[in-house]
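Listed here are the chains, written in short residue letters.
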Amino acid sequence: MSEGIRSTCPYCGVGCGVLLKRDGATGLKVEGDPDHPANYGRLCSKGLALGETTSLDDRVLTPQIGGQDADWDTALNLVASKFKSAIAEHGPDSVAFYVSGQLLTEDYYVANKLMKGFIGSANIDTNSRLCMASTVVGHKRAFGTDTVPGTYEDLETADLVVLVGSNLAWCHPVLFQRLSAARKERGTKVVVIDPRRTASCDIADMHLKLKIGSDVALFNGLLTHLNDAGKVHQSFVDQHTEGFEATLMSAVADQGETGLTAAELQAFYKLFAETEKVVTVFSQGVNQSTSGTDKVNAIINCHLATGRIGRKGMGPFSVTGQPNAMGGRETGGLANMLAAHLDLENPAHNAAVKDFWGADGIPDTPGLKAIDMFKAVGEARIKALWIACTNPVVSLPQAGDVADAIKNCDFVVVSDLSATTDTAKLADVVLPATGWGEKDGTVTNSDRTISRQQGVLPPPGQAKHDWEIYAEVGRRMGWTAAFDYQKPVEIFREHAALSGIAGRFGRDFDISGLSDIDEADYDGLGPTRWPISATRQGGRFFGDGRFFTPSGKARFLAVTSKEPSAKRSPKYPYRLNTGRIRDQWHTMTRTAKTARLSRHFGEPFLQIHPKDASALGLQPADLAEVTSPHGRAILRVLVTDHAAIGAPFAPMHWTGEYAPAGRIGNVIAAETDPFSGQPESKASVVAIKKYEATWYGFAVSLKPFEPKSDYWAQARTDHGWRVELSGSEATRDWRDLATTLVPGIANGSEMIGPRTARFAVWDEGVLTTALFLSKEPVLVARDFVAEQLGQAAPDVLVGQPGGNRIDPGQIVCSCMSVGRNTILTAIADAPAASLDEICTITSAGTTCGSCRSEVSELLAHAQFKTAAE
Ligand code: SF4
């Protein structure tokens with residue numbers, strides 16, 4: 001067994017195991033755990049950079065009240081008294097918790113118990129609502145419970161893997177690596193269904209660029225084809241399902257437009273029909289939709305019809321965005337769930353949990369889901385709000401309205417790592433919470449594997465664990481015995497014992513086999529897939545044809561295709577697709593702390609098809625202004641035919657801290673799925689026009705600074721910060737403009753011309769700041785300039801490396817810091833080289849492999865150009 005403390009990566013639902021070794025005061029050396037069944041030693045670029053994100057520079061180390069340091073006693077008493085007085089005056093539904101898939105299961109358990117069991121409201125919801133709520137409802141409708149049937153091994157044993165609305169290559173990179181390896185070894189066919197060409201298409205045999213939102217029509221067509229082709233598993237359907245005939249009739253009648261040709265449809269349908277071992281992986285592209293739940297059921301219908309579920313290499317497979325979205329589902333962290341996959345509305349479930357907790361009563365109706373919760377905050381129906389480990393002012397749709405709602409709420413407490421997130425800045429009270437590397441407990445990944453997260457670093461300053469903070473407040477609100485926890489193992493045991501109730505009700509989530517676990521075994525708990533009970537251990541669900549519905553049969557759901565809620569109009573003619581990029585995580589609160597991960601994309605961008613760009617008069621590197629009925633964003637233009645025509649793409653990560661004008665949540669409409677409450681983050685309607693910049697800028701600085709300009713975006717470098725800037729005010733004297741942007745910049749060296757100006761300042765012989773201004777997008781070797789910070793840098797104003805040095809260009813491989821220009825040079829030097837050879841020559845893609853698809857694309861593009869010449 002390898003050395004190091006075993007823990008889990010916190011960045012996505014793959015839940016890779018890591019081995020941690022202390023490396024200095026706050027640093028950690030991080031390696032993939034070769035024995036963890038999620039990754040067998042692999043890590044992606046984000047996981048590999050984990051050790052670079054544990055610095056304390058932006059951490060809040062003491063409780064704060066009104067922005068001033070306070071002691072824990074005062075802060076906790078204030079929180080307890082504000083919640084108690086709101087409840088006394090306005091009832092339990094006047095308070096709410098908004099929590100996070102970053103919380104560990106133990107944190108989630110205590111928060112949910114406090115809200116649903118003792119405060120007496122179901123107003124606890126999680127940011128996982130934005131990630132997989134549609135899947136939860138789709139699973140419950142079809143299976144009777146929120147059960148993921150299969151395991152990661154199924155992706156390696158399938159003969160066909162269909163990725164629907166899932167850019168696995170960037171969002172679940174280690175699963176993508178596993179799939180790629182299996183494909184190489186055994187020829188797995190891969191189909192990508194996505195309006196946009198993504199990095200996942202690199203290994204696809206077929207890419208179906210379907211029309212945004214038309215997944216239901218596509219899968220209804222597949223169900224019809226499966227029936228016509230005689231591929232329905234009749235005995236499975238007859239014995240183990242209900243509703244097939246009505247669903248089939250509905251599917252046949254659904255003639256929704258997919259935007260695909262008849263030949264494309266037939267090719268996909270034939271491949272699916274003729275391949276027994278099929279896994280359909282789906283993610284946010286399916287879930288984040290006003291018909292997300294129906295999309296999930298349309299996919300499940302096809303697997304039920306063919307009996308391809310719960311068997312090796314077969315099944316519908318939802319992959320979650322967050323490391324512990326599944327733990328949140330298991331503990332009841334969603335407003336419409338109880339705990340242990342039990343139902344609030346079921347009187348027997350409700351009474352059993354009430355008795356187990358010794359609670360006075362548990363609400364029997366769902367609480368406010370995320371979007372409705374913040375609407376209620378805005379309408380002053382919520383008087384006290386507690387936000388934990390999440391940044392809704394950036395991540396929720398209509399983010400401007402969310403910020404206003406929080407600003408105007410009577411009392412807001414935020415428990416988080418930093419007091420400088422866009423959300424924490426608006427709170428009345430900020431409570432310092434422990435972060436990854438300090439937290440101690442468990443998480444569950446997308447294939448039901450429970451893993452330990454270990455606290456290898458001491459809590460900094462006065463930070464406390466989230467479960468501790470909730471328990472402290474619970475005790476101060478008067479429920480001393482119910483929240484008398486001293487250690488996470490006590491909470492885990494209680495959670496496991498409670499799940500035994502679910503087992504007795506014949507439900508899926510039963511880990512009662514761990515309800516007596518002692519502290520040593522808990523500390524050493526290896527990755528364990530649930531269920532874990534006297535009768536069941538891990539494995540797949542539903543292979544035996546038994547489901548969790550009252551009849552024991554799976555339910556087909558008749559679903560029909562619908563257009564996204566927001567309608568295009570002459571004023572808002574584009575549909576904006578949003579999503580994640582390879583090297584950033586959520587609202588960048590951790591990944592932006594490392595220069596390595598900030599070099600892949602240093603600013604927010606708009607991927608737009610050349611036809612749209614041409615119609616709008618947009619050139620590469622221009623800035624575009626994207627507006628919707630809800631707000632505006634300014635984004636750098638990337639012209640690429642990877643974007644669908646009429647449906648540009650923008651990343652979701654940038655915040656007020658890093659690029660205030662790039663917050664895409666500002667323009668997303670808060671339209672939700674009627675069953676799951678999940679917002680439609682991939683189909684908002686927008687208008688786009690060129691941002692009429694009168695000047696552009698690029699700066700590097702040893703210290704962060706917030707320039708006074710319409711547009712700025714900052715990212716860390718190895719020695720400081722790099723900042724992109726732009727403005728649209730009437731052109732002024734370059735020196736005036738420079739001084740407004742960076743006070744003191746004109747006291748150093750300068751090169752001023754009519755269309756460009758360059759400034760640099762040194763302190764004690766080392767470069768502290770350089771600023772490049774231009775009437776056009778600035779042309780300098782950005783990485784070269786950033787490397788000059790803290791050096792003598794006599795030639796920095798030239799903006800390019802001298803002699804034979806190559807400007808590496810935009811970073812493609814974060815692990816080995818290999819830039820685009822380095823790869824292009826290697827390709828030019830060896831034009832017949834294979835992908836593997838280019839990777840070996842440059843070192844790109846030789847560590848985590850997440851960038852191989854980008855290297856492959858550069859290679860393919862260069863070879864295509866050569867062939868065409
Ligand atoms: Fe972390 Fe990457 Fe593994 Fe996801 S795939 S858990 S981000 S190492």
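What comes next concerns the included structure.

Some details on the environment of Tyr-485
For Tyr-485, the location among the structural elements is in the loop between helix H19 (466-476) and helix H20 (488-504). By relative accessible area, Tyr-485 is classed as buried at 6%. A sequence separation of 17 residues divides Tyr-485 from Glu-468, and the C-alpha atoms of the two residues are 7.7 Å apart. Once residues within four sequence positions are removed from consideration, Tyr-485 is found in contact with Tyr-109, Val-110, Lys-113, Trp-467, Ala-471, Arg-475, Glu-490, Ile-491 and Glu-494. Within polar-contact distance, the side chain of Tyr-485 engages the side chain of Glu-494 at 3.0 Å.

Concerning unusual backbone geometry
Here the residue pair Trp-530 and Pro-531 is connected by a cis peptide bond, since its omega of 5 degrees sits within 30 degrees of zero. Note on placement: Pro-531 falls in the loop between strand S19 (528-529) and strand S20 (554-555). If you check the backbone angles, His-341 has positive phi at about 60 degrees while not being a glycine. Located in the positive-phi region is Ser-843, a residue other than glycine, with phi close to 75 degrees. As for its placement among the helices and strands, Ser-843 is situated in the loop between helix H27 (835-842) and helix H28 (852-868).

Some details on the nonpolar core
Membership of the largest hydrophobic core comes to 114 residues, with the highest contact counts inside it found for Phe-83, Phe-97, Ile-193, Phe-219, Phe-268 and Trp-386. Discounting residues that sit within four places of it in the chain, Phe-268 has contacts with Val-162, Val-191, Ile-193, Met-206, Leu-208, Leu-218, Phe-219 and Leu-222. Membership of the second largest hydrophobic core comes to 74 residues, among which are Ala-38, Met-326, Ala-661 and Tyr-696.

A few points about helix H10 (residues 244-253)
Listed as buried for H10 are Phe-244, Thr-247, Leu-248, Ser-250 and Ala-251. Seen end-on, H10 carries its buried residues on one side only, within an arc spanning 165 degrees. Residues of H10 that are exposed and point over 90 degrees away from its buried face: Glu-245, Ala-246, Met-249 and Ala-253. Taken together, the buried residues of H10 touch helix H8 (215-228), helix H9 (234-240), strand S11 (241-242) and helix H13 (292-305).

Some words on the packing of H8 against H10
Two elements in contact, H8 and H10, have axes separated by 8 Å at closest approach and are oriented at 115 degrees. Crossing hand, H8 versus H10: left-handed. Where H8 approaches H10, its residues Asn-220, Leu-223, Thr-224 and Asn-227 are matched on the opposing element by Phe-244, Thr-247, Leu-248, Ala-251 and Val-252. Classifying every residue of the contact of H8 with H10 by side-chain character gives five nonpolar, four polar and no charged.

Things to note about the state of the cysteines
One pass over the structure, following the stated rule, counts zero disulfides. Considering cysteine sulfurs only, Cys-9 is the nearest to Cys-389, which forms no disulfide, with 16 Å between them. Since its relative accessible area comes to 14%, Cys-389 is described here as buried. In this structure Cys-839 is a free cysteine whose sulfur lies 6.4 Å from that of Cys-851, the closest cysteine sulfur available.

Notes on the sheet that holds strand S3 (residues 28-32)
Ordered by their spatial adjacency, three strands build an open sheet running S1-S2-S3, and the pairing between neighbours is antiparallel. Looking at which strands have only one partner, the edges of the open sheet turn out to be strand S1 (5-8) and S3. Between one strand axis and the next, the sheet turns by 40 degrees as a mean value, whatever way the strands run.

Overview of helix H15 (residues 347-357)
Of the residues making up H15, those classed as buried are His-349, Asn-350, Ala-352, Val-353 and Trp-357. The buried residues of H15 occupy an angular sector of 165 degrees when projected down its axis, which confines them to one face. Of the residues in H15, the exposed ones pointing more than 90 degrees away from the buried face are Pro-347 and Asp-355. Residues of H15 that are buried in the fold lie against helix H3 (105-119) and H20.

Re the packing of H15 against H20
As a packed pair, H15 and H20 sit with axes 10 Å apart at the nearest point and diverge in direction by 150 degrees. As judged from the angle between their axes, H15 and H20 are roughly antiparallel. Crossing angle aside, the handedness with which H15 passes H20 is right-handed. Listed contacts from H20 to Ala-352, Val-353, Phe-356 and Trp-357 of H15 are Glu-494, Ala-497, Leu-498 and Ile-501. Along the lines of polarity and charge, the residues of the contact of H15 with H20 split into seven nonpolar, no polar and one charged.

Concerning the pattern of salt bridges
Applying the stated criterion to the full structure yields 53 salt bridges. In this structure, Arg-632 and Glu-625 form a salt bridge, with 2.9 Å as the shortest nitrogen-oxygen distance. The class for Glu-625 is buried, based on a relative accessible area of 12%. Glu-724 is the salt-bridge partner of Arg-782, the closest N and O atoms lying 2.6 Å from each other. You can see Arg-782 sitting in helix H25 (residues 782-787) and its partner Glu-724 sitting in strand S29 (residues 721-727), a full 58 residues away along the chain. When its relative accessible area of 19% is taken as the criterion, Arg-782 is described as buried. You can call Glu-724 buried: its relative accessible area is 6%. Via salt bridges that share partners, Asp-73, Lys-464, Glu-472, Arg-475 and Arg-476 belong to a single interconnected network.

Things to note about the packing of aromatic side chains
Enumeration according to the criterion identifies 30 aromatic pairs in this entry. Where Phe-143 meets Phe-542, the ring centres are 4.6 Å apart and the plane angle is 45 degrees; that geometry is what we call tilted. Of the two residues, Phe-143 is situated in helix H4 (residues 133-143) and Phe-542 in the loop between S19 and S20; the sequence distance between them amounts to 399 residues. Phe-542 matches Phe-143 in its accessibility class, with the two residues each being buried. Where Phe-219 meets Phe-268, the ring centres are 6.3 Å apart and the plane angle is 85 degrees; that geometry is what we call edge-to-face. Residue Phe-219 is located in helix H8, and its partner Phe-268 is located in helix H11 (residues 262-274); the two are separated by 49 residues in the primary sequence. This pair shows no difference in class: Phe-219 is buried, exactly as Phe-268 is. Ring pairing ties together the aromatic residues Phe-143, Phe-509, Trp-530, Phe-541, Phe-542, Phe-547 and Phe-548, which thus form one cluster. Here the basic side chain of Arg-141 rests over the ring of Phe-675, its NZ or CZ set 4.7 Å away from the ring centre.

Rules of the game
- What you see as residue numbers is a count from 1 along each chain, following the sequence as written.
- Two thresholds apply to this predicted model, a pLDDT of at least 70 for residue-level local features and 80 or more for giving and counting side-chain atom pairs, whereas whole-chain, interface and lining totals are computed over all residues.
- Excluded from the side-chain calculations are hydrogens and water; all other atoms, namely the structure's heavy atoms, are used.
- Secondary structure elements are taken from DSSP: a helix is a run of H or I of four residues or more, a strand is a run of E of two residues or more, and numbering for both begins at the N terminus.
- In this scheme, a residue with accessible area under 20% of its type's maximum is buried, one over 50% is exposed, and one in between is partly exposed, where area comes from a 1.4 Å probe on protein chains only.
- It only takes one pair of heavy atoms within 4.5 Å for two residues to be counted as in contact.
- A 3.5 Å cut-off defines polar contacts: any pair of N or O atoms within that distance qualifies, except that in protein one atom must be a possible hydrogen donor and the other a possible acceptor, and neighbouring residues in sequence count only when both atoms are side-chain atoms.
- Nonpolar core, defined: a set of buried Ala, Val, Leu, Ile, Met, Phe, Trp, Tyr and Cys residues in which side-chain atoms within 4.5 Å join the residues together.
- Taking the helix axis as origin, the arc is that swept by the directions to the C-beta atoms.
- Axis angles are defined between N-to-C directions and span 0 to 180 degrees, where every axis is a line fitted to C-alpha atoms and, for a helix, only to the segment in contact.
- Throughout, a crossing is termed right-handed when the near helix is turned clockwise from the far one, and left-handed when it is turned anticlockwise from it by less than a right angle.
- Gly is put with the polar residues, along with every residue not named as nonpolar or charged; the nonpolar set is Ala, Val, Leu, Ile, Met, Phe, Trp, Tyr, Cys and Pro, and the charged set is Asp, Glu, Lys and Arg.
- Here, a disulfide means two cysteine sulfur atoms that sit within 2.5 Å of each other.
- For two strands to pair, DSSP has to find at least two bridges joining them.
- Note on angle classes: values under 35 degrees are labelled roughly parallel, values over 145 roughly antiparallel, values of 65 to 115 roughly perpendicular, and the remainder oblique.
- Should a side-chain nitrogen of Lys or Arg be within 4 Å of a carboxyl oxygen of Asp or Glu, the pair is scored as a salt bridge.
- Any Phe, Tyr or Trp ring, taking Trp's six-membered ring, that has another such ring centre within 6.5 Å forms a pair; planes under 30 degrees apart are called stacked, those over 60 apart edge-to-face, and the others tilted.
- Throughout this description, the term charge over a ring refers to an Arg CZ or Lys NZ atom that lies within 6 Å of the ring centre and within 35 degrees of the ring normal.

Read these as geometric descriptors, not functional statements.
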